[in-house]
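What follows is each chain in one-letter form.
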Amino acid sequence: MAEPIQVAVVGHTNAGKTSLLRTLTRRIAFGEVSTMPGTTRHVEAVDLKVNGESAVRFFDTPGLEDAVSLLDLMKMLDNCPTPPDRVRAFLRGPEARGAFEQEAKVLRKMLEVDAGMYVIDTREAVLPKFRAEIEILTWCARPVMPVLNFVRDGRSRKDEWLSTLAAYNMHACVQFDAVAPFVGSEQLLYHDMATLMRERRADLSRVVEHLEFQRRERLAAARTIVADLLVSLAAIRHPMTPEDFADAQKREKFIGDLRALVLRASRTAVEELLAVYGFRSDDADAAMLPWLDGRWEDDLFDPETLRDASRKLGTGAAVGAAIGAAADIALAGLSLGTATAVGAAIGGLASQGWGQFGRRLANKVRGVQELTLENEVLYVLAAHMVDLMAALELRGHAAQGKVQAGTASGTAELKPLMATLQASRAHPDWSLLQHRGARHDQRRRRLVEAIGEALRPIVDARLR
Amino acid sequence: MTVFQNGYQPIPPGERHAAVLLTETVRRIEQDGPLEDQDVMREAFHAETGNEERLLARGLLLGRRLQLDADLARWKRAAWGVVMLLALLAFVSAYGAAAAVIGSGRTVNAVTAFFALLALPTLTLVIWLLAIVSRGAALFGYLSFGNILLWLLARLPGERRPQALVMANAAHGLLERERTLAWAFGVVSHATWTLALVLVLSALGFAFSFQAYQLTWETTILDAGFFTRFVTLTGTLPHWLGFPMPEPDTLRAPAWPGTDHRTFAWWLMGCVFTYGLLPRVLVGVMSWAVWRRAIRRLSLDTAEPYYRKLLVRFEEMEASLVVDKEQRLVSEAHPREDIPKAGNEDGAVVGFELPPEAAWPPSPLPARLALVERIAGTFAERRAVLDRLSAIRPSSLLLVCHARSTPDRGTERFFREATRHSPRTALLLTSASDGNDVQRWREWMAQAGLDSIAFFDDVPVAAGWMGGGHG
């Protein structure tokens, strides 16, 4: 690729310029974001790289704060045949180093770049100061792409802004929500920029392709993590001797340990998902992320939620009731693995190997009970993970608020996935929690792939 | 060339597959817990620019630290020896069968020898073909010479490291993922069998050259025509390749004294060559070509969570560059002016940059006011209001702003000029959405040095403050 396309990101103070750049370059640590005005006071360059080469160089600029007075000052300048001459005359003058130093930085950059992005906080009314900003920007004679920020906010005045921009002959514009970007709006942004810079169209479409490729890979990685977790948990099979089973205290402890194991594995998966999306777990502290504060974890073994899941799964019976011995110990989420496993084992015995058969027979002879996770738990977990994936995919890196934990709403669409998952039930050795080496088992890997594929339409539907 | 701390050098294009293998091995090792990689990450980041290249550089550097590259070099040296060993094994099994026939006396049952020599190589070839056709290579993946080679290499005597086994598994997994396992192992299998069959042919040639054999056939239930047809049929292909075809007379009564057994011996050797060696050489070359191509295109699966996490870390290392530094005057001097004298007993209320739908004027306000005005903020409006204020010089001035808007230097400039015209100035914020808005303005006022201005977010309180100015 040739020289990177240079783009200055400009706008009123606190309109979300740095946030936008964080989202566009996926760099959570870039710049400084706060609700205070004038947080960015220097010009900072940050590159968007495509295959290791800089494709777009963004310049984060200080906010325009006093455009009304500046416009008046610039109008008074003499001997300026064209608008850019007027800007240059101002930059040569003393005020460019004085009261308007911040604005001078922006305008100096605007004269150098290929294009500008004008970030607008659409919650603000279209006041004279904003019109002054737009007017000054047009004087720089560079293509300007307005980026409407906070369009999803209830107070957004998008339409007022659109008509104002049209009055300044800015018809192409992008709606963007730096805090919760629409899927695909980023691609739209580059696409529309290509209409402003026709000579860089090929470069910009390469950027779009690159972004889409990265997005797909991220999503694939996320699906693998979730599928891997589900396979591992479905495979769990904890043998318990008849003596231990009879002792209520030991049984309690046993169940507690198993639950702790499940929670630990789920937490690790959540952390991995956050890492794949570029969130460090120390950023995402408990207060900020409901995914780490344990609220969703309580859901996993909550009888009410499980009953609800049971209804959605169509298993009908109340949790535990169908499984005989499990009913009276009310494990809420853990069951004795006979009922579920036998069906799966018989169905897929030929493909899953005969080793299972011998193990089960031996356990039966010795009277060993095996604990497994009920489908309802896996269902609730899967629904939560889909929520998290969707939230991460939709979330911009500048979000200072929370990832919203949606309701675990997957209903019918999770059913086929649950059916596929049953194959794992017959393979206690596929649980990575107990057998680390299982990761490389070819048949297990194929199942993980299948679960990942089953997740694809569910997550995609959430992103639409 | 930049010299790096860990001695990283760019991967030559021909060595890319080795880097992929090392990286995959490191991935498997790290599944048991991450390796310390701060300096390696940094070095890989600076040495390469592409995503995959950086991952490979990291893998290569860590692999070197674990001496995986030494293992790999050792494998390369040892591989030929092991292939020779395997070939010997194949030779022993193939020739052993034939020797049972040939070595038992001066009479050789030619048809039995044909099957004894060709059965095993053909069977293994069919298994390989099945693996290729099924694209799965399930059984072949474990029971082939390729896998045996890998297994033996990982367990070579000498300085054995547990990682060698991981590397063997990584190689297996990598080939499987790329769906080239059958082809890659095919190269080893076919090479082994080619060598073995060359040995078999040499042994046959030697035996037929220096010993007099009688090649015959025997039967209990078949007729002589069957053998004539069998030999003619199997001999046709070798005949096209230049091997002599036995005369029908020879075939009908091979045990007849004076029969020429030479052509019959050539037929046997021709069959071993044509049906044993030739197909092996052909599929061997084909496998080698497919394998080479696959190796050239070998790449990391960057959609793996493990690699995505590393890529995120690399991304975070990308630096941004400050190109136009901040040169703010630490505190712009705003000389404290004398408190202006009021020229009027009444107060003034000015709304500044309020959104159009904001209620105006705010209520309740004191009944007597010298000026109630709202402006959107154009330069002319500002000028006009400031002129009015300087003329009136109200006893108290209440500026009304929209709490949710962000205060800026334009606001500051207006405030500063307005305060010059009244002894008491206050700011009233309306329609705050929460405490954050008010707090933001409060902090901004302190930062801008506007603390002489009183601050309200409640209309009645502000109205009370205005009334308090009387008398």
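A. Structural context of the overall build of chain A. Each helix and strand counted, chain A has 19 helices and 9 strands in total. Taking as baseline every contact in chain A between residues at least 6 positions apart, the subset at least 24 positions apart corresponds to 76%.

B. Just the overall build of chain B, in detail. Within chain B one finds 17 helices and 8 strands. Taken over 471 residues, chain B has a buried fraction of 37%. Taking all contacts inside chain B whose residues are at least 6 apart in sequence as the whole, residues at least 24 apart take part in 77%.

C. Spatial organisation of the interface of chain B and chain A. Counting from both sides, the interface comprises 47 residues of chain B and, opposite them, 47 residues of chain A. Elements that contribute at least two residues to the side of chain B that touches chain A include exactly α3 (51-65), α8 (162-177), α13 (305-317), β3 (321-324), α15 (409-419) and α16 (435-448) of chain B. Element by element, the count of residues in the side of chain B that touches chain A is highest for α13 of chain B, at 6 residues. Among the residues forming the side of chain B that touches chain A, the class breakdown is 12 nonpolar, 15 polar and 20 charged.

D. Inspection of the nonpolar core at higher detail. Residue and element names in this part refer to chain B. Of all hydrophobic cores here, the largest spans 82 residues; its most connected members are A110, V200, L268 and V272. Broken down by element, this core gets its largest block of residues, 14 residues, from helix α9 (residues 181-210). Residue contributions to this core reach at least three from each of two domains, namely domain 1 (13-66) and domain 2 (69-314). Filtering out sequence-adjacent residues up to four positions away, V272 remains in contact with L117, L118, L197, V200, L201, L204 and L277.

E. Highlighting the domain arrangement of chain B. Residue and element names in this part refer to chain B. Examined at the domain level, chain B breaks down into domain 1 (13-66), domain 2 (69-314) and domain 3 (347-467). Distance between the C-alpha centres of domain 1 and domain 2: 37 Å. Each partner contributes residues to the interface: domain 1 has 22 residues there, and domain 2 has 20 residues. Where the side of domain 1 that touches domain 2 is concerned, the elements lending two or more residues are α1 (16-30), α2 (38-47) and α3. With 12 residues, α1 is the single largest residue contributor to the side of domain 1 that touches domain 2. Here the side of domain 1 that touches domain 2 is built from residues that sort into 9 nonpolar, 5 polar and 8 charged.

F. Just the pairing of strand β4 (residues 115-121) of chain A, in detail. Residue and element names in this part refer to chain A. Of all 7 residues in β4, 6 are buried, a share of seventy percent or more. Both β4 and strand β5 (residues 144-149) contribute to a ladder of 6 bridges, which runs parallel. Looking across to β5, one finds that I120 is bridged to L148. Note that the unit made of β4, helix α5 (residues 128-139) and β5 has a crossover that is right-handed.

G. Quick look at the packing of helix α7 (residues 145-154) of chain B against α8 of chain B. Residues and elements named next belong to chain B. Their axes nearest at 8 Å, the elements α7 and α8 cross at an angle of 160°. One finds that α7 runs roughly antiparallel with respect to α8. Every pair of crossing elements has a handedness; the one defined by α7 and α8 is right-handed. Of the residues in α8, those touching α7 at L150, W151, L153 and A154 are A164, L165, A168, A171 and H172. Residues belonging to the contact of α7 with α8 are distributed by class as follows: 8 nonpolar, 1 polar and no charged.

H. Summary view of the confidence of the model for chain A. Residues and elements named next belong to chain A. On average, residues of chain A score 78 in pLDDT, and 76% of them are at 70 or above. Confidence over residues 337-354 falls short of pLDDT 50; this stretch has 25 contacts with residues more than four positions distant or in other chains. Note that residues 398-408 has pLDDT below 50 and, in this model, 30 contacts with residues that lie over four places away or in other chains.

I. Broad picture of the pairing of strand β6 (residues 397-402) of chain B. Residue and element names in this part refer to chain B. Counting buried positions along β6 gives 6 out of 6 residues, so the element sits mostly inside the fold. Taking every second residue as pointing to the same face, both faces of β6 are buried, with L397, L399 and C401 on one and L398, V400 and H402 on the other. The pairing of β6 with strand β7 (residues 425-430) spans 6 bridges and is classified as parallel. Directly across from V400, in β7, lies its bridge partner L428. Running through α15, the crossover from β6 to the neighbouring parallel element β7 is right-handed.

J. Highlighting unusual backbone geometry. Each neighbour pair has its own omega, and for W360 of chain B with P361 of chain B the value is -10°, a cis peptide bond. Looking at where P361 of chain B falls in the secondary structure, it is placed in the loop between β4 (347-352) and β5 (369-375). You will see that F150 of chain A, though not glycine, has its phi angle at about 60°, which is positive. Residue placement: F150 of chain A occurs in the loop between β5 and α6 (158-167). On the basis of neighbour counts, which here come to 23 C-beta atoms within 10 Å, the residue F150 of chain A falls in the buried class. Of note, N169 of chain A is a non-glycine position whose phi angle comes to about 65°, a positive value. Along the polypeptide, N169 of chain A turns up in the loop between α6 and β6 (174-175).

K. Just the environment of M41 of chain B, in detail. Residue and element names in this part refer to chain B. With respect to the element layout, M41 can be found in helix α2. A count of 18 C-beta atoms within 10 Å places M41 in the partly exposed class. As a C-alpha pair, M41 and R313 span 272 residues in sequence and 8.5 Å in three-dimensional space. Leave out the neighbours within four places in its chain, and M41 touches R58 and R313.

L. Structural view of the sheet that holds strand β8 (residues 454-456) of chain B. All names here are of chain B. If you trace the 5 strands from one edge of the open sheet to the other, you get β5-β4-β6-β7-β8, paired in parallel fashion. Every interior strand has two partners, whereas the edge strands, β5 and β8, have only one. For this sheet, the mean inter-axis angle between neighbouring strands, taken without regard to orientation, is 15°. Where helix α14 (residues 379-392) meets the sheet, its contacts fall on β4, β5 and β6, and the angle it forms with β5 comes to roughly 170°.

M. Here's a closer look at α15 of chain B. Across the 11 residues of α15 of chain B, 8 count as buried, placing the element largely inside the fold. Where α15 of chain B is concerned, the buried positions are R409, G410, T411, E412, F414, F415, A418 and T419 of chain B.

N. Structural context of helix α2 (residues 67-75) of chain A. What α2 of chain A keeps buried is the set A67, V68, S69, L70, L71 and M74 of chain A. Tucked inside the fold, the buried residues of α2 of chain A contact α3 (83-92), α4 (101-112) and α5 of chain A together with α14 and α15 of chain B.

O. Expanded view of the environment of L447 of chain A. Residues and elements named next belong to chain A. Locating L447 in the fold gives a position in helix α19 (residues 442-463). Taking the C-alpha atoms as reference points, L447 and T420, 27 residues apart in sequence, are found 7.9 Å from one another. Residues within four places of L447 in sequence aside, it is in contact with V231, A423 and S424.

P. Here's a closer look at the confidence of the model for chain B. All names here are of chain B. Of the residues in chain B, 88% have a pLDDT of 70 or more, and the chain-wide mean is 83. Across chain B, the element-wise mean pLDDT spans from 64 in helix α6 (residues 140-143) up to 93 in β6. If you check the scores for this complex, the pTM reads 0.76 and the ipTM reads 0.77.

Q. View of the environment of R368 of chain B. With respect to the element layout, R368 of chain B can be found in the loop between β4 and β5. Each C-alpha atom, one on R368 of chain B and one on A426 of chain B, is 17 Å from the other, the two residues being 58 residues apart in sequence.

What counts as what
Residues numbered from 1 in each chain as written. Chains lettered and ligands numbered in written order. Predicted model: local features only at pLDDT ≥ 70, side-chain atom pairs only at ≥ 80, totals over all residues. Helix = DSSP H or I, 4+ residues; strand = E, 2+ residues; numbered from the N terminus. Contact = placed C-beta atoms within 7 Å. Buried ≥ 20, exposed ≤ 12 C-beta atoms within 10 Å, placed from the backbone. Nonpolar A, V, L, I, M, F, W, Y, C, P; charged D, E, K, R; others polar. Core = buried A, V, L, I, M, F, W, Y, C linked by C-beta atoms within 7 Å. Domains from an automatic or database assignment. Pairing = 2+ DSSP bridges. Right-handed = clockwise from strand over helix to strand, strands pointing away. Axes fitted to C-alpha atoms, helices over the stretch in contact; angles between N-to-C directions. Parallel < 35°, antiparallel > 145°, perpendicular 65-115°, else oblique. Left-handed = near helix turned anticlockwise from the far one by under 90°. pLDDT = per-residue confidence, 0-100.

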